[in-house]
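Results of the structural survey
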Amino acid sequence: MITEAGDATVPENGGTAVRIMIGGGPAVLARPAGALLVDDRGGPFHRGVLADLGHTPDQLRHLNVLGFDPYAYAAPAERVPTLAVRLWLDQLAASGPVIDGAAELAVDQQRRLVAAIHPTGAAERLVVDVDGIPTLAPGLPAQLAPGTGPALHSFDRAAGVLLAELVRMGPAAGEAAAALVDVLDRRGGPADVLALLDRVAPMVLDPALPAPVGAPIEAIRAFAAFLRAAEDGAGPLCFGDELVQGRLAATLADSWIVAGGGDHALATAEVILTGNPAARVTVVAGSIGTAAANTARYFELRRRHAADDGGDGRLEFRTGAEPGAMTVTGTGRYAEGGVEAEGYAAAIGRARALPLAVGRLARWAREHRGQVTGSLLFDSDRQYLGYRLHFAAEGLLHQVDVTGAASWFLPAEVFAAELARQVERMGERAVPPESGSAPTDLGPVAEQAARLAAARQRGAVRESRTMPEGWA
């Protein structure tokens with residue numbers, strides 16, 4: 001007999017439940033003893049096209065106690081080869097049971113927590129019962145469209161928040177709320193929503209409206225602008241990750257705008273400059289982040305390509321104003337920060353979204369009138385280990401731990417904005433940006449994962465709904 005878990009099939013009374021970790025990278029150090037690791041090796045250390053990290057052995061020296069000696073691969077002031085890190089992470093992954101692939105969690109008809117595993121290259125999926133609390137390390141979330149923000153990271157999210165706010169406004173916005181539901185049911189896009197509001201509730205589009213209503217509308221405007229730019233632009237419009245991971249060629253344009261001031265924006269610029277010797281790049285940002293400005297990547301980029309540092313002049317920095325919603329000129333060129341270019345790569349930030357691997361769990365909770373809540377995880381020394389998601393419905397509670405880079409982006413669907421800001425500030429204190437690292441970088445993620453593994457062994461993982469004393 002076969003039971004169903006979403007569109008996955010689960011043999012009734014299947015085999016022994018397994019402990020599981022989905023996603024790896026440097027967070028693989030958090031894998032519970034004997035747990036099955038499912039990882040598609042999709043992070044920057046496996047799919048990134050750059051030969052070197054942005055850091056030197058001196059900046060990564062603390063990884064020696066975790067099994068990686070950066071000085072074995074580069075001189076103290078040189079950049080560490082990406083391949084060296086890749087080999088180390090592969091060795092860690094192979095130290096226990098591992099499947100190369102992806103996985104998602106679900107609740108089957110027997111209300112058991114299961115994992116649907118999609119091995120790379122396999123036609124069929126494998127479904128296993130999950131033992132204990134699974135661990136997720138999905139890596140960095142998706143990058144943001146220009147003009148949007150981490151909490152309103154997608155059109156669906158912004159439209160959902162707008163609908164909730166219109167309902168809260170009561171009868172005055174009743175017609176707009178009903179019409180918005182109709183548009184969304186017909187799978188209308190950002191332009192459809194804006195046209196609807198302009199027709200039935202123009203007062204809602206007033207830029208002077210308070211943030212609860214104005215913020216989602218501004219995000220929807222930005223999504224509409226992004227889609228228009230994709231249609232009207234003559235050259236490539238993409239996210240930085242597409243270039244960094246080799247999914248898009250730097251040779252598609254000879255002039256580029258890279259929007260963003262973090263290390264991921266710098267990595268995007270480096271990919272373009274190294275992959276296309278004819279390219280010129282302008283990085284547009286409010287400022288270059290302190291951590292990014294203290295990387296070896298930044299100093300090398302300036303030395304090689306910034307004219308005021310003696311470089312070849314193919315790289316320019318325009319700072320002072322954050323990149324806004326997309327603009328395309330009449331000739332199909334992208335415009336930002338007083339600059340025009342054939343290509344545009346967005347690297348302005350990342351989404352505060354639920355990991356994809358728990359999408360089915362979230363739907364199960366919602367469809368059964370349950371709830372999804374979250375808590376922060378710390379060890380006995382109040383060091384941040386990640387967050388825990390609680391999916392409650394039908395009298396059941398299923399939990400999932402999230403660690404690694406993703407744990408610094410608390411899902412807006414679950415956690416309050418103020419708590420997310422507190423976690424961000426905690427990261428800046430725990431990993432001083434002057435070190436050249438952010439909490440989401442290789443070293444800090446590996447250390448966090450090792451602390452989580454150690455705290456589990458000691459039974460010292462502590463949950464908290466608020467920021468502990470000393471961090472708040």
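See above for the structure.
All residue numbers refer to positions counted from 1 along the written sequence of the respective chain. Residues qualify for local features only when their pLDDT is at least 70, as the model is predicted, and side-chain atom pairs are given and counted only at 80 or more; totals for whole chains, interfaces and linings, by contrast, use all residues. For the side-chain quantities, the full set of heavy atoms in the structure was used; hydrogens and water were omitted.

With respect to the packing of aromatic side chains
Our working definition: Stacked, tilted and edge-to-face pairs are distinguished by plane angle, under 30 degrees for stacked and over 60 for edge-to-face with tilted covering the rest, among Phe, Tyr and Trp rings (Trp via its six-membered ring) whose centres lie within 6.5 Å. Exposure categories follow from relative accessible area, calculated using a 1.4 Å probe and restricted to protein chains: below 20% of the type maximum is buried, above 50% is exposed, and the middle band is partly exposed. Secondary structure counts use DSSP, requiring at least four H or I residues in a row for a helix and at least two E residues in a row for a strand, with both numbered from the N terminus.
If you walk through the whole model with that rule in mind, you get nine aromatic pairs. With 5.5 Å between their ring centres and 10° between their planes, Phe68 and Tyr73 make a pair best called stacked. According to the relative accessible area criterion, Phe68 is buried, its value standing at 1%. For Tyr73, a relative accessible area of 42% puts it in the partly exposed group. Judged by centre distance (5.5 Å) and plane angle (20°), the rings of Phe226 and Phe239 are stacked. With Phe226 in helix α6 (residues 211-232) and Phe239 in strand β9 (residues 237-239), this residue pair connects regions lying 13 residues apart in the sequence. A network of ring pairs unites the aromatic residues Phe68, Tyr73 and Trp88 as a single cluster.

A few points about helix α4 (residues 174-185)
Note the threshold: A helix is expected to span 1.5 Å multiplied by its residue count minus one. Of all possible arcs, the one meant is that of the directions from the helix axis to the C-beta atoms.
With twelve residues, α4 extends 17 Å from end C-alpha to end C-alpha; this agrees with the ideal 16 Å at 1.5 Å per step. Turning to α4, its buried residues number three or more, namely Ala176, Ala177, Ala179, Leu180 and Val183. Here the buried residues of α4 occupy an arc of 170° about the axis, which is enough to place them on one side. Of the exposed residues in α4, those oriented more than 90 degrees away from the buried face are Glu175 and Asp185.

Some thoughts on the packing of helix α3 (residues 155-168) against α4
When two helices pack together, you describe them by how their axes are tilted relative to each other and by the distance separating the axes. The test is simple: Note on geometry: axes are C-alpha line fits, over the in-contact stretch for helices, and angles between N-to-C directions span 0 to 180 degrees. Orientation is classified from the angle alone, with under 35 degrees giving roughly parallel, over 145 giving roughly antiparallel, 65 to 115 giving roughly perpendicular, and any other angle giving oblique. The hand of a helix crossing depends on one turn: near helix anticlockwise from the far one by less than a right angle means left-handed, and clockwise means right-handed. We call two residues contacting when some pair of their heavy atoms lies within 4.5 Å. Charged residues are taken to be Asp, Glu, Lys and Arg, nonpolar residues to be Ala, Val, Leu, Ile, Met, Phe, Trp, Tyr, Cys and Pro, and polar residues to be all remaining types, Gly included.
In the contact formed by α3 and α4, the axes pass within 9 Å of each other and the chain directions differ by 155°. Classified by the angle their axes make, α3 and α4 are roughly antiparallel. Crossing of α3 against α4: the hand is left-handed. Here Phe155, Ala159, Leu162, Leu163, Leu166 and Val167 of α3 come into contact with α4, specifically with Ala176, Ala177, Leu180, Val181 and Leu184. For the contact of α3 with α4, the residue count by class is eleven nonpolar, no polar and no charged.

A closer look at the environment of Asn276
So the rule is basically this: As used in this structure description, the phrase polar contact means that two N or O atoms lie within 3.5 Å; if the pair is within protein, one of them must be able to donate a hydrogen and the other to accept it, and residues adjacent in sequence are counted only when both atoms belong to side chains.
With respect to the secondary-structure elements, Asn276 resides in the loop between α8 (263-275) and β11 (280-285). Residue Asn276 is classed as buried on the basis of its relative accessible area, which comes to 5%. Here the alpha-carbon distance between Asn276 and Ala250, two residues 26 residues apart in the chain, equals 5.7 Å. With residues up to four places along the chain from it excluded, the contact list for Asn276 reads Ala250, Thr251, Ala253, Asp254 and Arg314. At a separation of 3.2 Å, a polar atom in the side chain of Asn276 contacts the main-chain carbonyl oxygen of Ala250. One polar contact links Asn276 to Asp254, side chain to side chain, over a distance of 3.0 Å.

Examining the nonpolar core
Cut-off, in case you're wondering: Note on terminology: a nonpolar core comprises buried Ala, Val, Leu, Ile, Met, Phe, Trp, Tyr and Cys residues joined through side-chain atoms within 4.5 Å.
Counting 42 residues, the largest nonpolar core has Leu105, Val358, Leu376, Tyr384, Leu389 and Leu410 as its most contacted members. Sort the elements by how many residues they give to this core and strand β17 (residues 384-393) lands first, with five residues. Ignoring any residue separated from it by four or fewer positions in sequence, one finds Leu389 in contact with Leu354, Pro355, Val358, Thr373, Gly374, His398, Gln399, Val400, Val402, Val414 and Phe415.

Focus on the sheet that holds β11
The test is simple: By this definition, two strands are paired if DSSP reports at least two bridges between them.
One open sheet holds the five strands; their spatial order is β9-β15-β10-β11-β12, and the pairing between them is parallel. Each end of this open sheet is capped by a strand with a single partner; those strands are β9 and β12 (315-319). Here the average twist between neighbouring strands, direction ignored, is 20°. The strands touched by α8 within the sheet are β10 (255-259), β11, β12 and β15 (343-346), with β10 carrying the most contacts at an inclination of about 165°.

Describing helix α12 (residues 417-430)
For α12, built from 14 residues, the straight-helix expectation of 20 Å at 1.5 Å per residue is met to within 8% by its first-to-last C-alpha distance of 20 Å. Of all the residues in α12, the buried ones are Leu419, Ala420, Gln422, Val423, Met426 and Gly427. Axial view of α12: buried residues confined to an arc of 160°, hence all on one face. Where the residues of α12 are buried, they touch β16 (371-378) and β17.

Overview of the environment of Val271
Along the chain, Val271 turns up in helix α8. Take Val271: its relative accessible area is 7%, and that puts it in the buried class. Taking the C-alpha atoms as reference points, Val271 and Ala51, separated by 220 residues in sequence, lie 9.9 Å from one another.

With respect to the pattern of salt bridges
Quick reminder of the rule: Note on definitions: salt bridges are taken to be side-chain nitrogens of Lys or Arg within 4 Å of carboxyl oxygens of Asp or Glu.
One pass over the full model with this rule turns up 23 salt bridges. Asp309 is the partner of Arg302 in a salt bridge, and the nearest nitrogen-oxygen pair spans 2.6 Å. Arg302 gets classed as buried once you look at its relative accessible area, which sits at 16%. Each of Arg79, Asp263, Glu270, Arg297, Glu300 and Arg304 takes part in one network of salt bridges that share partners.

Brief notes about unusual backbone geometry
One non-glycine residue, Arg41, lies in positive phi territory at about 50°. Counting through the fold element by element, Arg41 comes out in the loop between β4 (36-39) and α1 (44-47). Despite not being glycine, Glu394 has its phi angle at roughly 55°, a positive value. Position of Glu394 among the secondary structure elements: in the loop between β17 and β18 (396-402).

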